[in-house]
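Spelled out from the first residue to the last, the chains are:
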Amino acid sequence: RNRVNVHFGQASFTDANTVSLSLLDGGVETIHAEQVVIATGSRPYRPADVDFNHPRIYDSDSILEMEHTPRHIIVYGAGVIGCEYASIFSGLGMRVDLINNRERLLSFLDDEISDALSYHLRDSGVTVRHGEEYEAIEASDCSVTLFLKSGKRLKADAILWCNGRSGNTDGLNLDAAGLKADHRGNLKVDDCYRTEVDNIYAVGDVIGWPSLASASYGQGRAVTGGIFGDQCQLVHDVPTGIYTLPEISSVGKTETELTQAKVPYEVGRALFKNTARGQISGEDVGMLKILFHVDTLEILGVHCFGAEAAEIVHIGQAIMKQSGEGNNIYYFLNNIFNYPTMAEAYRIAALDGVNRISRR
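Remember, it's a predicted structure, so these values are computed and weren't measured experimentally. Just so you know, the residues in each chain are numbered from 1, in the order the chain's sequence is written. pLDDT decides what is reported in this predicted model: residues at 70 or higher carry local features, side-chain atom pairs at 80 or more are listed and counted, and totals for whole chains, interfaces and linings draw on all residues regardless. As a rule here, side-chain values come from all non-hydrogen atoms in the structure, and water together with hydrogens is ignored.

Quick notes on the nonpolar core
- For this analysis, a nonpolar core means a set of buried residues of the types Ala, Val, Leu, Ile, Met, Phe, Trp, Tyr and Cys, connected via side-chain atoms within 4.5 Å. Burial status follows relative accessibility: with a 1.4 Å probe on protein chains alone, a residue under 20% of its type maximum counts as buried, one over 50% as exposed, and anything between as partly exposed. If you look at the biggest cluster of nonpolar residues, it comprises 29 residues, and the most contacted ones within it are F89, L98 and L160.
- Each helix corresponds to a stretch of at least 4 residues labelled H or I by DSSP, and each strand to a stretch of at least 2 residues labelled E; elements are numbered beginning at the N terminus. Sorting the residues of this core by element identifies β7 (72–76), α1 (80–91), β8 (95–99), α2 (111–123), β9 (126–129) and β13 (158–161) as the ones contributing at least two each.
- By size, the runner-up hydrophobic cluster in this structure holds 27 residues, among which are V302, F332, L333 and A349.

Structure, rendered in structure tokens:
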């Protein structure tokens, strides 16, 4: 419809302006262009010493083809994907060991939200092991054993490896274009998503963080605008959506970041169990948390844990994006919300926050 020519095949660079395309029928096509955008995505990282061909060893893609139901599964790697899968498997009634390389879950989250996730995973039966590192995996016809550097040996019916992702750049012949990827196959870009070669851009998972589909769409639009002469706007302040049970979403600064920056802030909280809609829906788990500046009343961060968190967060995001006095905690007090709704939690949280500063 938009007069875009679509070619199916495996592409690799011949030089910075030329791509060689191996077609599905065995033919080869050469395509020349003034600009090239690399948007090849990523795949699960697979260390060389782990046998992913074994039927009891999975990554986050191959697990979707699992044809049996383990009673006990080990999830190695407690990033977003690892936490999501651990939550899913626990919900299906499996016994789950979640191995975290760090000292807390999802340390980029607000501490209170991270602690809540840890609590609810454990409450659902997940055993979370922090500060552990992989040493070896041994698999047999009936079980798999994970050896950790701490000396622990964990035995289960299957293991899911979720320790990072790699950019899909190894087959692109980057050297021919004058490019070089890092050890995880990711490309370095500037604020307009331009690589080290001026006419080659990269967007999406292949450039690393934040590795979100929502951000990738925005990055692609930004690059297109830049190529055609519009302002190339860096995609930032992307909301985080984590689909654990319950789900998590946040946008803006965390309490730790504000404390380190010495920003005077206050917190407004609303528990979902105290909202009418939460009580009607039986949502007794969850919280909305608003961080705002004590003096300007500007909203600095919104953090949500519980049902529909990834939907609810966008209300706070919209207000945070308003300029000047439009970004103000009193927005939630001066406007009426439908009743009963989960969004009413914003009004409750705002009342809680304003009451804190009015008592000073």
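A word on the layout of surface pockets
- Any residue with an atom within 4 Å of a point lines the site, the site being either a cavity, points on a 1 Å grid over the protein atoms alone where a 1.4 Å probe fits but cannot get out, or a pocket, an open set with protein on both sides within 12 Å along at least 5 of 7 lines. Grid points are joined across faces, edges and corners, and a volume is the space filled by probe spheres set on the points. Quantified by volume, the second largest pocket comes out at close to 750 Å³.
- Around the second largest pocket sit 20 residues that line it, and N5, H7, I31, V36 and V37 are the ones nearest its centre.
- No other element matches the 5 residues that strand β1 (residues 9–15) contributes to the lining of the second largest pocket.
- The residue inventory of the lining of the second largest pocket, partitioned by class, reads 13 nonpolar, 7 polar and no charged. All amino acids are sorted into three groups, where Ala, Val, Leu, Ile, Met, Phe, Trp, Tyr, Cys and Pro are nonpolar, Asp, Glu, Lys and Arg are charged, and the leftover types, Gly among them, are polar.

What about the environment of M342?
- Tracing the backbone shows M342 in the loop between α8 (331–334) and α9 (345–358).
- Taking relative accessible area as the criterion, M342 reaches 11% and is therefore assigned buried.
- Residues M342 and S281 lie 61 residues apart in sequence; the distance between their C-alpha atoms is 9.7 Å.
- Should any heavy atoms of two residues lie within 4.5 Å, those residues are counted as being in contact. Once you skip the residues sitting within four places of it in the chain, M342 turns out to touch F272, T275, R277, G278, A307 and I312.

Thoughts on the sheet that holds strand β19 (residues 286–293)
- Taking strand neighbours across the sheet as the criterion, the 5 strands line up as β16-β17-β20-β19-β18 in an open arrangement whose pairing is antiparallel. Here the strands that pair on one side only, and so sit at the sheet edges, are β16 (240–242) and β18 (265–271). Across the sheet, the axes of successive neighbouring strands diverge by a mean angle of 10 degrees, strand direction being ignored.
- A pair of strands is labelled paired if DSSP reports no fewer than 2 bridges between them. Sheet analysis places β16 next to strand β17 (residues 248–252), joined by 3 bridges and oriented antiparallel. For G241, the partnering residue across the bridge sits in β17 and is S249.
- Where α9 meets the sheet, its contacts fall on β18, β19 and β20 (299–306), and the angle it forms with β18 comes to roughly 140 degrees. As a rule, the C-alpha atoms of each element are fitted with a line to give its axis, helices using only the stretch in contact, and angles between N-to-C directions run from 0 to 180 degrees.

Some points on a nonpolar patch on the surface
- Patch building starts from residues that exceed 30% relative accessible area and form no salt bridge, then joins like charges within 9 Å and nonpolar side chains (Val, Leu, Ile, Met, Phe, Trp, Tyr) within 5 Å. Under the convention used here, a 1.4 Å probe and the Shrake-Rupley method define accessible areas, while residue burial counts only the protein chains that appear. We count a salt bridge whenever a side-chain nitrogen from Lys or Arg sits within 4 Å of a carboxyl oxygen from Asp or Glu. Where nonpolar side chains cluster on the molecular surface, the patch consists of V4, V6, F8 and L24 and spans about 500 Å² of accessible area.
- Its location among the elements puts V4 in the segment before β1.
- On the basis of relative accessibility, which here comes to 62%, the residue V4 falls in the exposed class.

Quick look at the state of the cysteines
- Here, a disulfide means two cysteine sulfur atoms that sit within 2.5 Å of each other. In the structure shown here, the tally under the stated rule is 1 disulfide.
- The disulfide partner of C192 is C232, and the S-S distance across this bridge is 2.3 Å. Across the S-S bond of C192 and C232 the torsion is about 120 degrees, and the bridge reads as right-handed. A residue pair is termed long-range when its members are at least 10 positions apart, and C192 in the loop between α3 (174–177) and β15 (200–202) and C232 in the loop between α4 (213–227) and β16 qualify at 40 residues.
- When its relative accessible area of 16% is taken as the criterion, C192 is described as buried.

Details of the packing of aromatic side chains
- Geometry of aromatic contacts follows a simple scheme: Phe, Tyr and Trp rings, the Trp one being its six-membered ring, pair when their centres are within 6.5 Å, and the pair is stacked under 30 degrees between planes, edge-to-face over 60, tilted otherwise. Taken as a whole, this structure holds 8 aromatic pairs when the rule is applied.
- Ring plane angle 25 degrees and centroid distance 5.8 Å describe the contact between Y85 and F89, whose orientation is recorded as stacked. Separated by 4 residues within a single helix, Y85 and F89 lie in helix α1, roughly one turn from each other. For the pair shown, Y85 and F89 are each scored as buried.
- With 6.2 Å between their ring centres and 35 degrees between their planes, F332 and F337 make a pair best called tilted.

Focus: the pairing of β9
- Only one face of β9 is buried, namely the one carrying V126 and V128, since none of T127 and R129 on the opposite face is buried.
- In this sheet, β9 lies alongside β8 in parallel orientation, the contact comprising 4 bridges. By the bridge assignment for β9, V96 is matched with V126.
- Crossovers are described as right-handed under a simple rule: with the strands pointing away from the observer, the path leading from the first strand over the helix to the second runs clockwise. Following the chain from β8 across α2 to the adjacent parallel β9, one finds a crossover that is right-handed.

Regarding α9
- One less than the residue count of a helix, multiplied by 1.5 Å, gives the span that helix is expected to have. In this model α9 runs 20 Å from its N-terminal to its C-terminal C-alpha over 14 residues, within 8% of the 20 Å that 1.5 Å per residue would give.
- Taken together, the buried positions of α9 are occupied by A345, Y346, A349, A350, G353, V354 and I357. Angularly, the buried residues of α9 cover 160 degrees about the axis, an arc narrow enough to put them on a single face.
- Looking at the buried side of α9, the elements it contacts are β18, β19, β20, α7 (309–320) and α8. The arc in question is formed by the directions pointing from the helix axis toward the C-beta atoms.

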